[in-house]
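Structure assessment
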Amino acid sequence: QVQLVESGGGLVQPGGSLRLSCSASGSIFSINAMGWFRQAPGKQRELVATVTRDGRMNYADSAKDRFTISRDNAKNTVYLQMNSLKPEDTAVYYCNADVKKYRMASSINHWGQGTQVTISS
């Protein structure tokens, strides 16, 4: 079993910052891509940012220049630093990871349970 546990969500005012963390644990040989997605009420889940094991990053246009994704491979952890937050960033943020349980296994995609981020004055 693989578990992804997010932390760091909360309520902040517009223009504020938050740092989300997601740690993976369980039967893990290696993790390929890790990333963050979000889902606002009444909307589909959307990509925020991803990072490969070797550090290549990809951002949604809405996240560019404000958010920074990073990871610590030794800790199986991915972070999302969010600055200049806007009310439209309000959503549940989900961690995602492609996990290999052993060397010859195919990667299996896993999701965290989500953490609420609310931007409001």
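Residues numbered from 1 in each chain as written. Predicted model: local features only at pLDDT ≥ 70, side-chain atom pairs only at ≥ 80, totals over all residues. Heavy atoms only, no water.

With respect to the nonpolar core
Put simply, the rule reads: Nonpolar cores were defined as sets of buried Ala, Val, Leu, Ile, Met, Phe, Trp, Tyr and Cys residues, with membership established by side-chain atoms within 4.5 Å. Buried means the residue's accessible area, taken with a 1.4 Å probe over protein chains only, is under 20% of the maximum for its type, while exposed means over 50%, and partly exposed covers the values in between. Helical segments are the DSSP runs of H or I of at least four residues, strand segments are the runs of E of at least two, and each set is numbered from the N terminus. What makes two residues a contact is simply this: any of their non-hydrogen atoms within 4.5 Å.
Membership of the largest hydrophobic core comes to 29 residues, with the highest contact counts inside it found for Trp36, Leu80, Met82 and Tyr93. Those elements that place two or more of their residues in this core are strand 1 (2–7), strand 3 (18–26), strand 4 (30–39), strand 5 (46–51), strand 7 (67–72), strand 8 (77–82), strand 9 (91–100) and strand 11 (115–119). Ranked by the residues each element gives to this core, the list is headed by strand 9, at five residues. Beyond its immediate stretch of four places on either side in the chain, methionine 82 contacts Gly16, Ser17, Leu18, Leu20, Arg66, Phe67, Tyr93 and Val117.

Observations regarding the side chain of threonine 115
The line we're drawing: Residues adjacent in sequence count toward polar contacts only when both atoms are side-chain atoms; beyond that, a polar contact is any pair of N or O atoms within 3.5 Å, and within protein one must be able to donate a hydrogen and the other to accept it.
Along the chain, the position of threonine 115 falls in strand 11. Within the local environment of threonine 115, its side chain forms a polar contact with the backbone nitrogen of glycine 9, the two atoms lying 3.3 Å apart. Those residues in contact with threonine 115 that sit more than four places away from it in its chain are Glu6, Gly9, Leu20, Ala91, Val92 and Tyr93.

Looking at the environment of histidine 110
Of note, histidine 110 is situated in strand 10 (residues 108–111). Judged by its relative accessible area of 16%, histidine 110 is buried. As for histidine 110 and aspartate 98, which are separated by twelve residues in sequence, their C-alpha atoms are 6.4 Å apart. For histidine 110, the residues in contact, after removing those within four places along its chain, are Val2, Leu4, Cys95, Asn96, Ala97 and Val99.

Section: a nonpolar patch on the surface
Selection rule: For patch detection, residues must exceed 30% relative accessible area and be free of salt bridges, and they are connected within 9 Å for like charges or within 5 Å for nonpolar side chains (Val, Leu, Ile, Met, Phe, Trp, Tyr). Computed with the Shrake-Rupley method and a 1.4 Å probe, the accessible areas treat only the protein chains shown as cover for residues. We define a salt bridge as a side-chain nitrogen of Lys or Arg found within 4 Å of a carboxyl oxygen belonging to Asp or Glu.
On the surface, a cluster of nonpolar side chains totalling about 400 Å² of accessible area is made up of Phe29, Tyr102 and Met104. Residue position: methionine 104 is located in the loop between strand 9 and strand 10.

Notes on the pattern of salt bridges
Proximity of charged atoms lets side chains of opposite charge pair with each other. Per the counting criterion, the structure on display carries five salt bridges. Of the charged contacts in the structure, one is a salt bridge between aspartate 89 and arginine 38, with a shortest N-O distance of 2.9 Å. Linking aspartate 89 in the loop between strand 8 and strand 9 with arginine 38 in strand 4, this pair joins segments that are 51 residues apart in sequence. Of the residues examined, aspartate 89 reaches a relative accessible area of 0% and is grouped as buried. By relative accessible area, arginine 38 is classed as buried at 7%. One salt bridge in this structure joins aspartate 89 and arginine 66, with 2.7 Å as the shortest N-O distance. Of this pair, aspartate 89 sits in the loop between strand 8 and strand 9 while arginine 66 is found in the loop between strand 6 (57–59) and strand 7, placing the two residues 23 residues apart along the sequence. Across this residue pair, the class does not change: aspartate 89 and arginine 66 are buried. Residues joined by salt bridges that share partners form a network here, namely Arg38, Glu46, Arg66 and Asp89.

Details of unusual backbone geometry
We note that asparagine 76 has phi near 50°; this positive angle belongs to a residue other than glycine. At serine 84, a position not held by glycine, the phi torsion is positive, near 50°. The residue serine 84 is located in the loop between strand 8 and strand 9 in this model. Exposure remark for serine 84: the relative accessible area of 42% places this residue in the partly exposed category.

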